[in-house]
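Single-letter residue listing:
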Amino acid sequence: MAEFEPTIVAFVCNWCTYTAADLAGTSRLSYPKPVRLIRVMCTGMVDPQYILKALLEGADAVLVSGCHPGDCHYINGNFKARRRIRLLKEILSQFGFEPERLRLTWIGASDGIQFAEVMREMVSQVKAIGPCTASRLAA
Amino acid sequence: MSLVRKLAIDRQDILGTVQGFLRSILTLEDIAVVLAPRRLAEKSVVMPALITQPDCLSDADPLAPAFFLNAAQMMSRLTRRPSGQKIAVVLRPCEIRAFIELVKFKQGALEDVLIIGLDCLGAYPNTVYRRFAAADPDGSTLRFFFAALSGVSETVEGMELASACRVCEHPFPEGADIAIGFMGISPLDYLLVQGQTPKADAYLAQVKLEPVAIPAGRGDAVASRVSSRVQARDAMISRTHEATGTPEKLAAYLTGCINCYNCRNACPICYCRECVFCTDVFDHEPFQYLQKAGRSGSLKLPADTVLYHLTRLVHMSTSCVGCGQCSNACPNDIPVMELFRATARYSQKAFEYEPGRSVAEPPPMSVFKEHEFADVVGLKGKT
């Protein structure tokens, strides 16, 4: 049987984590292939429904990643995102979704190396817990 | 602590006494209208009605075990813009708490409202109530009242109260301006009328009632009813977690859902003016259904049921007051109240939030702090 390759959907903010991903690329750092980046203007615009839909439609884990506290280009979008992730984690855990399936990180624009590390670490954690079965629900 | 007053019960007619009190409120100069549950021409239906004629209050029935909808939604319609007139409204404790949540969502206002609340004995589901009241609509309310008051039994005349009422730990109208009490008074020859806000005291000063001390038995009656409900609630929550603890179990739990969205329509907290599930976002192309069926091997239709309920939980669980109208409205008897309350318990705990407690407490998703929830950031967290 082929090794489980997790699908990870990452919502990354335009100003920090996406720029870090760009830097990782231009620095020729490698990070695991199964990560699908979705660039958004701010983590504060990530509707919890995007995350739920990703988890129910085939993602094995979702990462939301934006600017460090105090660095948000929209002043406080990342603080709002943190509350929403807190709530989502509470709800998802009620229904047996492991904590590794939803992560929030702050990765600044100059942190290309950290970006690649976070992606590698996340993929290895999700590999350890196995695929998310929610996408195979007949509902 | 404001003055507690005594509303003498006239010839053992408790309902008539409450109606008389409402009449005295309606005849006060600046109260234009009373919104109260009213027994309608079809006699086994009790619906909120705007009453301007004191005579019409003789059909008002705030003690009926009927709870056809959460009237907080109606209060939102009546107060989202100023009408220029003052409304007195009789609400159940869960309706008061829901209305306070709507006020915080800026979908209602308390300024021109005088809220009157009564101790709540609970209600039947709509279908059960119609059976209960069918034979003797006029006498049914007091039959229920005395049976339910005599014990904490959640079954009256062989019929079970609504599941939400059986696990309700807030049967007292804490958020009302005027609270009318009857539990723990023995013999029951008067009702307690308590002004709980300065606004209420100004009105009550105009209604001639004797002051009275809170009877000794009241505290115990309140405490014992609340503690048995808390026990029932916690048992319900652990049963529900057992039944929904994995994505597969959750899907199985919701398998009878036909996406009618009745639970959303009946929910006083579901605050979106336009629901995303009724927009183009969920108007999928035919090929998308086929694709999804192909991926899972089988796809239940209508689709998106689990996504719908999870999304709704994100929106309403921090503010869920547990009124149970979702279960009342479900055509397929899915125990949705249990699911929503069980989740809400933890959502509310996470933000130390109690919906309906105070208008001064902002809903958790409307505010943030700079330093909080450090444990949700990073890849190490165990939650």
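By convention here, each chain's residues receive numbers from 1 onward along its written sequence. Numbering of ligands from 1 and lettering of chains from A proceed in the order in which they are written. Since the coordinates come from a predicted model, pLDDT governs what is reported: local features require at least 70, and pairs of side-chain atoms require 80 or more to be given and counted, while whole-chain, interface and lining totals use all residues. Computation of side-chain values: all heavy atoms of the structure, hydrogens and water removed.

Undergrad: Explain a positive patch on the surface to me, and be specific about the residues and the numbers.
TA: The residues that make up patches have over 30% relative accessible area and no salt bridge, and they are joined within 9 Å when like-charged or within 5 Å when they are Val, Leu, Ile, Met, Phe, Trp or Tyr. In short, Shrake-Rupley with a 1.4 Å probe defines the accessible areas, and a residue's cover is counted only from the protein chains shown. Definition used for salt bridges: Asp or Glu carboxyl oxygen within 4 Å of a side-chain nitrogen of Lys or Arg. Asp and Glu count as negative and Lys and Arg as positive, but His and the ends of the chain are not part of the count. Each charge is placed at NZ for Lys, CZ for Arg, CG for Asp and CD for Glu. Together, R77(B), R80(B), R81(B) and R273(B) make up a region of like positive charge exposed at the surface. For the purposes of this entry, the term helix denotes a DSSP run of H or I that reaches at least four residues, the term strand denotes a run of E that reaches at least two, and both are numbered from the N terminus. Note on placement: R81(B) falls in the loop between α2 (72-79) and β4 (86-91).

Undergrad: Account for helix α5 (residues 137-150) of chain B, with residues named and values stated.
TA: Residues and elements named next belong to chain B. Taking 1.5 Å per residue, 14 residues should reach 20 Å; α5 reaches 21 Å between its end C-alpha atoms and fits that length. All of the buried residues along α5 are P137, S140, T141, F144, F145 and A148. What you see down the axis of α5 is that its buried residues fit within an arc of 130 degrees, all on one side. Turned more than 90 degrees away from the buried face of α5, the exposed residues are D138 and S150. For a helix, the expected span equals 1.5 Å multiplied by the number of residues minus one. Partly exposed describes any residue whose relative accessible area lies between the buried limit of under 20% and the exposed limit of over 50%, with all areas from a 1.4 Å probe on protein chains only and scaled to the type maximum. The reported arc concerns the directions from the helix axis to the C-beta atoms and nothing else.

Undergrad: So, the nonpolar core: which residues are in play, and what are the values?
TA: One finds I51(A), F21(B), I25(B) and I178(B) to be the most contacted residues of the largest nonpolar core, which totals 139 residues. There are two domains that each give this core at least three residues, and those are domain 1 (4-232) and domain 2 (245-376) of chain B. Contacts were defined at the residue level, with two residues in contact if any of their heavy atoms lie within 4.5 Å. Ignoring anything within four residues of it in the chain, the contact list for I25(B) reads I31(B), A88(B), L114(B), I116(B), I178(B) and V207(B). Nonpolar cores are built from buried Ala, Val, Leu, Ile, Met, Phe, Trp, Tyr and Cys residues. Side-chain atoms within 4.5 Å join them into one set. One finds A21(A), A24(A), V118(A) and M119(A) within the second-largest nonpolar core, a separate group that totals 17 residues. These domain limits were set by an automatic method or by a database of domain assignments.

Undergrad: Which residues make up the interface of chain B and chain A, and what values go with them?
TA: Of the residues lining the interface, 51 residues belong to chain B; the matching set on chain A comes to 39 residues. The three residues of chain B that bury the most area against chain A are F368(B), V376(B) and L379(B), which together make up 18% of that side's buried surface. At the junction of chain B with chain A, the criterion picks out three salt bridges. Of the charged contacts, one joins R83(A) and E372(B) as a salt bridge, the two residues approaching to 2.8 Å between their closest N and O atoms. Pairing of N or O atoms within 3.5 Å defines a polar contact, subject to two protein rules: one partner must be a possible hydrogen donor and the other a possible acceptor, and residues neighboring in sequence count only if both atoms are side-chain atoms. Joining chain B to chain A, the criterion identifies 14 residue pairs in polar contact (both at pLDDT 80 or more). Of the residues forming the side of chain B that touches chain A, the biggest block, seven residues, is contributed by helix α12 (residues 305-316) of chain B. Residues of the side of chain B that touches chain A, tallied by class, amount to 24 nonpolar, 17 polar and 10 charged. Accessible area that two parts lose when put together, evaluated with a 1.4 Å probe and summed over both, is termed the buried area. Charged residues are taken to be Asp, Glu, Lys and Arg, nonpolar residues to be Ala, Val, Leu, Ile, Met, Phe, Trp, Tyr, Cys and Pro, and polar residues to be all remaining types, Gly included.

Undergrad: Before we move on, can you summarise the domain arrangement of chain B with the specific residues and values?
TA: Interfaces are often sized by the accessible area lost when the parts come together. All names here are of chain B. When its domains are assigned, chain B resolves into domain 1 (4-232) and domain 2 (245-376). Each of domain 1 and domain 2 has a C-alpha centre, and the two are 29 Å apart. On the side of domain 2, 25 residues touch domain 1, which itself brings 26 residues to the contact. Buried area between domain 1 and domain 2, both sides added, is near 2100 Å², and the carbon and sulfur share of it is 53%. Counting the surface domain 1 buries against domain 2, the share from its top three residues, E101, K104 and F105, is 26%. Counting across the domain 1 and domain 2 interface gives one salt bridge. A salt bridge links E169 to R341; the shortest N-O distance between them is 2.9 Å.

Undergrad: I'd like a description of the state of the cysteines, backed by residues and values.
TA: Working definition: the covalent bond between the sulfur atoms of two cysteines is a disulfide. What counts as a disulfide here is a pair of cysteine sulfur atoms lying within 2.5 Å. On inspection of all chains with the given rule, the structure shows one disulfide over all chains. Cysteine C165(B) is unpaired, with the sulfur of C120(B) as its nearest cysteine sulfur at 6.0 Å.

Undergrad: Summarise the packing of helix α3 (residues 77-94) of chain A against α12(B); cite the residues concerned and give the values.
TA: Angles run from 0 to 180 degrees between N-to-C directions of axes, and those axes are lines fitted to C-alpha atoms, restricted for helices to the stretch in contact. Between α3(A) and α12(B), the shortest axis-to-axis distance is 10 Å and the interhelical angle comes to 130 degrees. Between α3(A) and α12(B), the crossing angle belongs to the class labelled oblique. Once α3(A) is placed against α12(B), the crossing between them reads as right-handed. For the pair α3(A) and α12(B), contact is made by L87(A), L88(A) and I91(A) and by L310(B), L313(B) and V314(B), respectively. Looking at side-chain class alone, the contact of α3(A) with α12(B) contains six nonpolar, no polar and no charged residues. Any angle between 65 and 115 degrees counts as roughly perpendicular, while under 35 counts as roughly parallel, over 145 as roughly antiparallel, and the rest as oblique. Crossing handedness is defined as follows: a turn of the near helix away from the far one that is anticlockwise and smaller than a right angle gives a left-handed crossing, while the clockwise case is right-handed.

Undergrad: Can you explain the sheet that holds strand β9 (residues 190-195) of chain B? Please cite residues and give values.
TA: Residue and element names in this part refer to chain B. Think of it this way: DSSP has to see at least two bridges between two strands before they count as a pair. Across the sheet, which stays open at both edges, the eight strands sit in the order β3-β2-β4-β5-β8-β9-β1-β10 with mixed pairing between neighbours. The outermost strands of the open sheet, each flanked by one partner alone, are β3 (46-51) and β10 (210-211). Inspection of the sheet shows β4 paired to strand β5 (residues 113-118) by five bridges, in the parallel sense. Across the sheet, the residue bridging to V90 is I116, located in β5. Lying on the sheet, helix α3 (residues 93-104) is in contact with β4 and β5; it crosses β5 at an angle near 150 degrees.

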